[in-house]
Amino acid sequence: MSIYAGLDVSDKTTHVCVVDGEGAVLRREVLASNPDVIAKWLGRYCPNLVRVVLETGSESFDISPTVG
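Residues numbered from 1 in each chain as written. Predicted model: local features only at pLDDT ≥ 70, side-chain atom pairs only at ≥ 80, totals over all residues. Heavy atoms only, no water.

Participant: So, helix H1 (residues 35-45): which residues are in play, and what are the values?
Facilitator: Along H1, the residues classified as buried are Ile38, Trp41 and Leu42. Looking down the long axis of H1, one finds its buried residues gathered within 100° of arc, a one-sided arrangement. Away from its buried face by more than 90 degrees, H1 exposes Asp36, Lys40, Gly43 and Arg44. Where H1 begins, the side chain of Asn34 points an oxygen toward the backbone nitrogen of Asp36, at a separation of 2.8 Å. (Buried < 20%, exposed > 50% of the residue type's maximum accessible area, 1.4 Å probe, protein only. Helix = DSSP H or I, 4+ residues; strand = E, 2+ residues; numbered from the N terminus. Arc of directions from axis to C-beta. Polar contact = N/O pair within 3.5 Å; in protein donor to acceptor, adjacent residues only side chain to side chain.)

Written out as C-alpha cells, the structure reads:
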C-alpha cells in the first residue's frame, strides 16, 4: 500500500499526517522540528512512503533537504 505524509513545520514542533492512496488518515503525530527526529519517525512508521509534502513557509527550508 502506498502512503503519503504531510508535514506542517513550525518553530518547535512539526505536525505529521500520513494518508493512504485513497486519502484515509492512517496516523497523526506531533514531533520535534528536528530533521533527524522526523526522518527516524518516517522510517519507522512509513515503510511504503511514496511522497512527503511540506507546507511552505520560513521553517520548511531548514528540514527539506533531509526529509523525503
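Additional details are given in the paragraphs that follow.
Participant: If you had to explain the confidence of the model for the protein chain to someone new, which residues and values would you point to?
Facilitator: Residues of the protein chain with pLDDT of at least 70 account for 81%, and the chain-wide mean is 86. When pLDDT is averaged over each element of the protein chain, strand E3 (residues 25-32) comes out on top at 97 and helix H2 (residues 60-63) at the bottom at 54. (pLDDT = per-residue confidence, 0-100.)

Participant: Outline the packing of aromatic side chains, listing residues and values.
Facilitator: Enumeration according to the criterion identifies 1 aromatic pair in this entry. Centroid distance Trp41 to Tyr45: 5.1 Å. Interplanar angle 45°. Geometry classified as tilted. In this pair, Trp41 and Tyr45 are both assigned in helix H1, 4 residues apart and thus about one turn of the helix distant. Residue Trp41 is classed as buried on the basis of its relative accessible area of 8%. Cation over ring: Arg27 sits above Tyr45, and NZ or CZ is 3.9 Å from the ring centre. (Phe/Tyr/Trp six-rings, centres within 6.5 Å; stacked < 30°, edge-to-face > 60°. Lys NZ or Arg CZ within 6 Å of the ring centre and 35° of its normal.)

Participant: Talk me through the pairing of strand E2 (residues 13-20); I want residue IDs and the actual numbers.
Facilitator: Side chains Thr14, Val16, Val18 and Asp20 project from E2 onto a buried face, and the interleaved Thr13, His15, Cys17 and Val19 project onto a face without burial. As paired elements, strand E1 (residues 3-9) and E2 share 7 bridges and run antiparallel to each other. The partner of Leu7 across the bridge, within E2, is Val16. From the end of E1 to the start of E2, which pair antiparallel, there are 3 residues. Taking the residues that link successive antiparallel strands as the turn, the E2-E3 hairpin has 4 residues, and the phi of Gly23 there is positive, at about 90°. (Pairing = 2+ DSSP bridges.)

Participant: How would you explain the nonpolar core if you had to name every residue and give the values?
Facilitator: Counting residues in each nonpolar core, the largest one holds 11 residues, listed as Ile3, Ala5, Leu7, Val9, Val16, Val18, Leu31, Ile38, Trp41, Leu42 and Cys46. For this core, the secondary structure elements donating two or more residues are E1, E2 and H1. Considering every element that reaches this core, the biggest residue donor is E1, with 4 residues. Not counting the four nearest positions on each side in its chain, Ile3 is found in contact with Val18, Val19, Asp20, Leu26, Tyr45, Cys46, Pro47, Asn48, Leu49, Val50 and Arg51. (Core = buried A, V, L, I, M, F, W, Y, C linked by side-chain atoms within 4.5 Å. Contact = heavy atoms within 4.5 Å.)

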